[in-house]
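# Structural overview for review
This is what each chain is made of:
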Amino acid sequence: MDSFDAGAGGLLRQPKAVWATAGASVVAFMGIGLVDPILPSIAQGLNATASQVSLLFTSYFLITAFAMLVTGFVSSRIGGRKTLLLGLAFVVVFAGLAGTSGSVAELVGFRAGWGLGNALFVSTALAVIVGAAAGGSAAAILLYESALGLGMACGPLLGALLGNASWRYPFFGTAFLMAVGFLCITVFLKEQPKPARRTSLLDPVKALGHGGLASAAVSAFFYNYTFFTVLAFTPFVLDMTPYRSGAVFFAWGVLLAVFSVLVAPRMQARFGSLKVLGGSLVLLGADVLILGYGDHTTAVVCTVLSGAFIGVNNTVYTELALGVSDAPRPVASAGYNFVRWFAAAAAPFFAPKIEEWSNVHIPFVIAAVTAVVGAVVVFVRRDALTHRAEELETRHAAEDSVTVFAG
């Protein structure tokens, strides 16, 4: 039982409000990978091309990126609880409307509204979990990453199970689950004290004036291009049934969750955060390059394996973004996410376009290069990141009971 404890509060021994928020976060992250196994089905059902369907990701993350400038502004005025509920309400409405779409243009538009709701919810949820979780920020971040990993794993699975009958059902299913999350937040989460200082729309941008936060954001930008090339473009390359594609990305999500929660903290404690991040980015680049040039079986294996590197990267980037600067966590997170989500919007759009202009291999070559560029940024800017990285390593060593969770 001691292995499940993190200081005074175990990672599993959290207030109901934290579990309600984390549970809703799982569903929110499910919405990202939900469409993966049904992208070919959507293209077929709406007589659309791969590049047109990829706009489902582009509109979603483009709106999400700009919304990051708004989330702190809104939450510092109406409070975290109301911001979470507002975001959930947007997702319920627009996910439901997405299921009624009669054209790609309608579906892309509804996904944009969904992205706004998800931005309001996800960015605020991290701040709420960090503020309310027992066991300190380390336990809170691991809990948040657990929700992310579980959501990313279950999203493709739900998309496959429901999408096998109709590509519309996963959208209705998400709307229903988010409505349940809305009720849980309403019942279990009390309103938290509002910040003493209201956040302006430009505060996240000003926070990026800190060299360490800007370095983390720029590196994460290149990394996210690789991440979302795998997530949004690979389903078309694999060309599998919804069930098979869902199984592949479920296995990918399981590795993502395991490596983000269990493996990454141990590796950080042993080798150091920046060495782990740089090495993982280079290995991700190599994996994606092999994915692009391998046969079908190799592509499947490399897709699943990429989840391990992505899980490690997500954990280290999140910790650096939240702690590398002196900015309040919600502000630092908003500035960091504002930069990196632009890459998440760009990759799904450019990858199929690049394939049309060249061949199926080149999008993966570019994704491999961007992963390595992310590692180069970490290496070149290591002095701006080193001080905080050393603090993280010290904390992981001191809180070893967190890192051996379920170990």
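Up top you'll find the structure we're talking about.
Below, the structure is looked at part by part. Since we're looking at a predicted model, the values are computed, not measured. (Residues numbered from 1 in each chain as written. Predicted model: local features only at pLDDT ≥ 70, side-chain atom pairs only at ≥ 80, totals over all residues. Heavy atoms only, no water.)

## Some words on the overall build of the protein
When helices and strands are tallied, the protein shows 17 helices and zero strands. Residues counted as buried form 58% of the 407 residues belonging to the protein. Taking all contacts inside the protein whose residues are at least 6 apart in sequence as the whole, residues at least 24 apart take part in 87%. Carbon and sulfur atoms make up 68% of the accessible area of the protein, which amounts to about 15,200 Å² in all. (Helix = DSSP H or I, 4+ residues; strand = E, 2+ residues; numbered from the N terminus. Buried < 20%, exposed > 50% of the residue type's maximum accessible area, 1.4 Å probe, protein only. Contact = heavy atoms within 4.5 Å. Areas by Shrake-Rupley, 256 points an atom, 1.4 Å probe, with all protein chains shown as cover.)

## A closer look at the environment of A346
Looking at where A346 falls in the secondary structure, it is placed in helix α14 (residues 329-357). Here A346 falls in the buried class, since its relative accessible area comes to 17%. In this structure the C-alpha to C-alpha distance between A346 and S59, which are 287 residues apart in sequence, comes to 9.6 Å.

## Structural notes on the packing of helix α10 (residues 211-238) against helix α15 (residues 362-380)
Axis separation between α10 and α15 bottoms out at 8 Å; the angle between their running directions is 160°. Accordingly, the angle class assigned to the pair α10 and α15 is roughly antiparallel. When the axes of α10 and α15 are compared, the crossing they make is left-handed. Here α10 contributes S215, V218, S219, F222, Y223, Y225, T226, T229, F233, T234 and V237 to the contact with α15, which in turn contributes P363, F364, I366, A367, T370, A371, V373, G374, V377 and V378. (Axes fitted to C-alpha atoms, helices over the stretch in contact; angles between N-to-C directions. Parallel < 35°, antiparallel > 145°, perpendicular 65-115°, else oblique. Left-handed = near helix turned anticlockwise from the far one by under 90°.)

## Observations regarding the side chain of S280
Within the fold, S280 resides in helix α12 (residues 273-293). Not counting residues within four places of it along the chain, the set of residues in contact with S280 comprises F309, V312 and N313.

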